[in-house]
Amino acid sequence: MLKPLKIRNKIFVWEEGPYFMGILNITPDSFSDGGFYLSIDKALAHANELIQKGADILDIGGESTRPFSDPITEEEELKRVIPVIKEVRNSFPEVVISIDTYKAKVAERALEAGADMVNDISALRFDPRMIDVIRAYQCPIIIMHMQGTPKSMQISPYYENVVKEVKNFLQERKKFLLENGIGEEKIIVDPGIGFGKTFFHNLEILRNLKSLQELNSPILIGASRKSFIGEILNKPPLERDGGTVGISFWTFLQGVHILRVHNVEINRDAILVYKRLINA
């Protein structure tokens, strides 16, 4: 049994999940919702909608990490996310806020502004100062597997055994955190669906999610509207919510603890109905 995690006044009892992380992209170029929430008013309205529909966590990001995307400057990322984090914190004092960044300065400023946790797609590899920030704030940290960088990750990704290699990577990064004074209960692992993986790599990971339970950490899956769903359904990003529900339902049955999604309501409703049926 995983140790519960308290963030603000919310206690995450992992066996009672899944918990839902709503995506709030403050970017002009994200693959699904780029440009939708660039103004503070629109970002705040969407934050309110995600919370009202059942989001347990808001994941706020200012840099698109879609395949072949270019990085942005620290200053630009700060300009995008800090005002939004401050407004969300002021308007919704109890909501749990995650900052989606691999830059230590952005993480530090976000935590100062009211964020509660860090979601680092590089698993603290891209910025050596990130471990200092996590240690100083003793905040929960999500570590994700990625082969390469967002710019290069989809250029012929290759693995001998994708499930084993992803698990070993996450185990090594968890060990690094533990050795640097981060409590085990604060470490959340993410296999990085769509980050340096082919269509078949993604399916293989999803079919073998139970192997990640050996890491003894909460598992997050972020597959919402991604291209492998589009390949299955032959649909563009904004028409992939139904397919995302299929992935969410499958991953829930495999023991996943957090589902990172664009449309919280439709995913949450499907799982709530299933839970009521089996507990009738």
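The structure this text deals with has already been given above.
Within any chain, residue numbers begin from 1 and follow the written order of that chain's sequence. At least 70 in pLDDT is required for a residue's local features to be given in this predicted model, at least 80 for side-chain atom pairs to be given and counted, and no such filter applies to totals for whole chains, interfaces and linings, which use all residues. The basis for every side-chain value is the complete set of heavy atoms in the structure, and neither hydrogens nor water enter the calculation.

**Looking at unusual backbone geometry**
Then, in step 1: Here the amide bond leading from glycine 17 into proline 18 is cis, since omega sits at 15°, within 30 degrees of zero.
Then, in step 2: Going along the chain from the N terminus, every DSSP run of H or I of four or more residues is numbered as a helix, and every run of E of two or more is numbered as a strand. Summarising the element assignment, proline 18 is placed in the loop between β2 (10-12) and β3 (19-25).
Then, in step 3: A positive phi angle, close to 55°, is found at arginine 8, a residue other than glycine.
Then, in step 4: When you line up the elements, arginine 8 lands in the loop between β1 (5-7) and β2.
Then, in step 5: With phi around 55°, alanine 123 is a residue other than glycine that occupies positive phi space.
Then, in step 6: Topologically, alanine 123 is positioned in the loop between β6 (117-120) and α4 (130-137).
Then, in step 7: Burial here depends on accessible area, computed with a 1.4 Å probe over protein chains only, as a share of the maximum for the residue type. Under 20% is buried, over 50% is exposed, and the range in between is partly exposed. According to the relative accessible area criterion, alanine 123 is buried, its value standing at 1%.

**Some thoughts on the side chain of serine 98**
Then, in step 1: Within the secondary structure, serine 98 sits in strand β5 (residues 96-100).
Then, in step 2: Given a relative accessible area of 0%, serine 98 falls into the buried group.
Then, in step 3: Any pair of N or O atoms that falls within 3.5 Å is considered a polar contact. Within protein, one atom must be able to donate a hydrogen and the other to accept it, and sequence-neighbouring residues count only if both atoms are side-chain atoms. One polar contact links serine 98 to aspartate 59, side chain to side chain, over a distance of 2.7 Å.
Then, in step 4: What serine 98 contacts, discounting residues up to four positions off in sequence, is Met21, Ile57, Leu58, Asp59, Ile60, Met117, Val118 and Asn119. By the convention used here, residues are in contact when the closest approach between their heavy atoms is within 4.5 Å.

**Some thoughts on a nonpolar patch on the surface**
Then, in step 1: Here a patch means residues that are over 30% exposed by relative accessible area and free of salt bridges, tied together within 9 Å if like-charged and within 5 Å if nonpolar (Val, Leu, Ile, Met, Phe, Trp, Tyr). The Shrake-Rupley method, run with a 1.4 Å probe sphere, supplies the accessible areas, and residue values consider only the shown protein chains as cover. Every case where a carboxyl oxygen of Asp or Glu lies within 4 Å of a side-chain nitrogen of Lys or Arg is listed as a salt bridge. A grouping of Val273, Leu277 and Ile278 is seen on the molecular surface, where their side chains present a nonpolar patch of about 310 Å² in accessible area.
Then, in step 2: Topologically, leucine 277 is positioned in helix α9 (residues 264-278).

**Re the environment of methionine 130**
Then, in step 1: When you line up the elements, methionine 130 lands in helix α4.
Then, in step 2: Residue classification places methionine 130 among the buried residues on the basis of a relative accessible area of 0%.
Then, in step 3: Each C-alpha atom of the pair methionine 130 and isoleucine 85 lies 19 Å from the other, and the pair is 45 residues apart in sequence.
Then, in step 4: Here methionine 130 is in contact with Thr101, Tyr102, Lys103, Ala104, Ala107, Val118, Asp120 and Leu124, once residues within four sequence places are set aside.

Everything listed is a geometric property; what it means functionally is a separate question.
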